[in-house]
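Single-letter residue listing:
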Amino acid sequence: MIVRILGEGQYDVSDEALTRLNELDSTVESSVEAGNVEAFTSALTALLEGVRTVGVPHPADSLDESDLILPPPDATLDEVRRMLADDGLIPG
Amino acid sequence: MSLMKRISLIFRSKANKAIDRAEDPRETLDYSYQRQLDLLSKVRRGVADVATSRKRVELQVNQLEQQASKLQGQAEKAISMGREDLAREALTRRSALSGQITDLKAQHAQLQGEEEKLTLAQQRLQAKVESFRTRKETIKATYTAAEAQTRINEAMSGIGEEMGDVGLAIQRAEDKTANMQARAGAIDELIASGALDDASSINRGDDISRELEAMSSQSEVENELARLRASASPQAIEAADDSDAILRAESEKKTTEGGN
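Residues numbered from 1 in each chain as written. Chains lettered and ligands numbered in written order. Predicted model: local features only at pLDDT ≥ 70, side-chain atom pairs only at ≥ 80, totals over all residues. Heavy atoms only, no water.

A tally of helices and strands in chain B yields 6 helices and 0 strands. Ordered by position from N to C terminus, the α and β elements of chain B give α-α-α-α-α-α. Per-residue burial over chain B gives 40% buried out of 260 residues. Look at the contacts in chain B between residues 6 or more apart in sequence, and 75% of them connect residues 24 or more apart. Of the accessible surface of chain B, which amounts to about 14,400 Å², a share of 51% is contributed by carbon and sulfur atoms. (Helix = DSSP H or I, 4+ residues; strand = E, 2+ residues; numbered from the N terminus. Buried < 20%, exposed > 50% of the residue type's maximum accessible area, 1.4 Å probe, protein only. Contact = heavy atoms within 4.5 Å. Areas by Shrake-Rupley, 256 points an atom, 1.4 Å probe, with all protein chains shown as cover.)

Let us now look at the interface of chain B and chain A. Residue-level contacts link 35 residues of chain B with 40 residues of chain A. Between chain B and chain A, the buried area comes to about 3,500 Å², and carbon and sulfur atoms account for 57% of it. Remark: the boundary between chain B and chain A carries 8 salt bridges. With a closest N to O distance of 3.0 Å, K117 of chain B and D74 of chain A form a salt bridge. On the surface where chain B and chain A come into contact, there are 17 residue pairs in polar contact (both at pLDDT 80 or more). For the side of chain B that touches chain A, the secondary-structure elements that each account for two or more residues are α1 (3-17), α3 (84-141) and α4 (145-193) of chain B. (Buried area = accessible area lost by both parts, 1.4 Å probe. Salt bridge = Lys/Arg side-chain N within 4 Å of Asp/Glu carboxyl O. Polar contact = N/O pair within 3.5 Å; in protein donor to acceptor, adjacent residues only side chain to side chain.)

Moving on, we get to the pattern of salt bridges. Following the criterion strictly, the structure yields 24 salt bridges over all chains and no others. Taking the shortest distance from any N to any O, the salt bridge between E79 of chain A and R172 of chain B comes out at 2.7 Å. A residue pair is termed interchain when its members come from two chains, as with E79 of chain A in helix α3 (residues 77-85) and R172 of chain B in helix α4. One exposure class covers both E79 of chain A and R172 of chain B, and it is buried. Residues E130 of chain B and R133 of chain B are paired through a salt bridge, measuring 2.9 Å at the closest nitrogen-oxygen approach. Here E130 of chain B and its partner R133 of chain B are both found in helix α3, 3 residues apart, which amounts to about one turn of the helix. Assessed through its relative accessible area of 40%, E130 of chain B is described here as partly exposed. Among the residues examined, R133 of chain B registers a relative accessible area of 33% and is labelled partly exposed. The structure contains a network of salt bridges with shared partners spanning R4 of chain A together with R124, K128, E161, E162 and D165 of chain B.

Let us look at the pairing of strand β2 (residues 9-12) of chain A. All names here are of chain A. In this structure, strand β1 (residues 2-5) lies alongside β2, joined through 4 bridges in antiparallel fashion. Paired with V3 across the two strands is Y11, which belongs to β2. Counted between consecutive antiparallel strands, the loop separating β1 from β2 contains 3 residues, among which G7 sits at a positive phi close to 80°. Sheet topology places β2 next to strand β3 (residues 56-57); 2 bridges connect them, and they run antiparallel. Its bridge partner being in β3, D12 is matched across the sheet by V56. (Pairing = 2+ DSSP bridges.)

A few words on the nonpolar core. All names here are of chain B. L39, V43, L118, L125, F132 and V166 are the most contacted members of the largest nonpolar core, which totals 44 residues. At the level of elements, α2 (25-80), α3, α4 and α5 (207-232) are the ones that each hand at least two residues to this core. Ranked by residue count, the leading element in this core is α2, at 14 residues. V166 has contacts with L39, V43, A121 and L125, leaving out every residue within four places of it along the chain. (Core = buried A, V, L, I, M, F, W, Y, C linked by side-chain atoms within 4.5 Å.)

This part covers the side chain of E114 of chain B. Summarising the element assignment, E114 of chain B is placed in helix α3. The exposure class of E114 of chain B is buried, given its relative accessible area of 6%. What E114 of chain B contacts, discounting residues up to four positions off in sequence, is D74 of chain A together with V50, A173 and K176 of chain B.

The next subject is helix α1 (residues 15-34) of chain A. For α1 of chain A, with 20 residues, the first-to-last C-alpha span of 29 Å sits near the 28 Å given by 1.5 Å per residue. The sharpest bend along α1 of chain A comes to roughly 25°, located at L21 of chain A. Those residues of α1 of chain A that fall on the buried side of the exposure criterion are A17, L18, L21, L24, D25, V28, E29, S31 and V32 of chain A. Summarising the contacts, the buried residues of α1 of chain A are in contact with α2 (37-54), β4 (68-70) and α3 of chain A together with α1 of chain B. (Expected span 1.5 Å × (residues − 1). Bend = angle between axes of the 7 residues up to and from the residue.)

What follows concerns the confidence of the model for chain B. Caution applies to low-pLDDT regions: their predicted coordinates should not be interpreted in detail. Averaged over chain B, the pLDDT score is 78; the fraction of residues at 70 or greater is 80%. In this model residues 198-204 of chain B is a low-confidence stretch, pLDDT under 50, and it forms 14 contacts with partners more than four residues away in sequence or in other chains. (pLDDT = per-residue confidence, 0-100.)

Structure representation (structure tokens):
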């Protein structure tokens, strides 16, 4: 499984490790829904740290698509909301 | 659906929409390659812009630090002359500068972070563009419609995602530096207008240094006078700077003179 952290690059993550990351992901998601900035920041940090810990950097010269894409480490709750609302934060 | 999944889907559909598709798939490859090169030079410019902002903030920090240490020196001088009021004024101005300096240093760290991020983004994109170029030539050389289309799609989606990511990184860096540039501009204006260095400008001098200078030239005159007086009576030469000793020397002189 290839996971991209936006602004940082791609990581190879094993399927077993993904279970734990999914838990962290749900925490981020619920904090976004609740609009809880503090919970969001710590949950996102934990999730990204988790990816970096269990993941291995994917070769920079590969042209592989990622299976999962995560917000950048300094993303704000508003930014993530806008990413999900698809209103132009993502260029293109 | 999980957050990761949702962002991925949105991101990917955007990235794919952004790809120019030509009638001849091989032309699509060339179009895309051209856009990759454009994006690459945009990232390079982005890195250079952020570096320029960082250097500007560095320069401002240096200027303000020089002024702060000058004010510190003035405060010390004022205290040694027993002018607590002047020392207080100098320290008050210095503390205002310290706030600015702390602020600028935080900005500097942030800009440095952005610069590093963009530099890494540039390296990643460069690696992918290079590999896309190789893949493009291979696909074009071995072109048979169906097979090529699959391989083109693979290459395109991978590079499209990277381009979307780098595009986003540039956009975020631009937003952040635009903010800081406005503030840096304001500080430049302050420095140019003399508002910040009023208290320590070397050429014009300010109220604090004028008073300190006046005081020190006064005390220099006094010291010189004392030294001259003392040298008139040889036994007091070694204590010439000590005003008590000078007074003692004076009275001794009077006593001696009186004795004659």
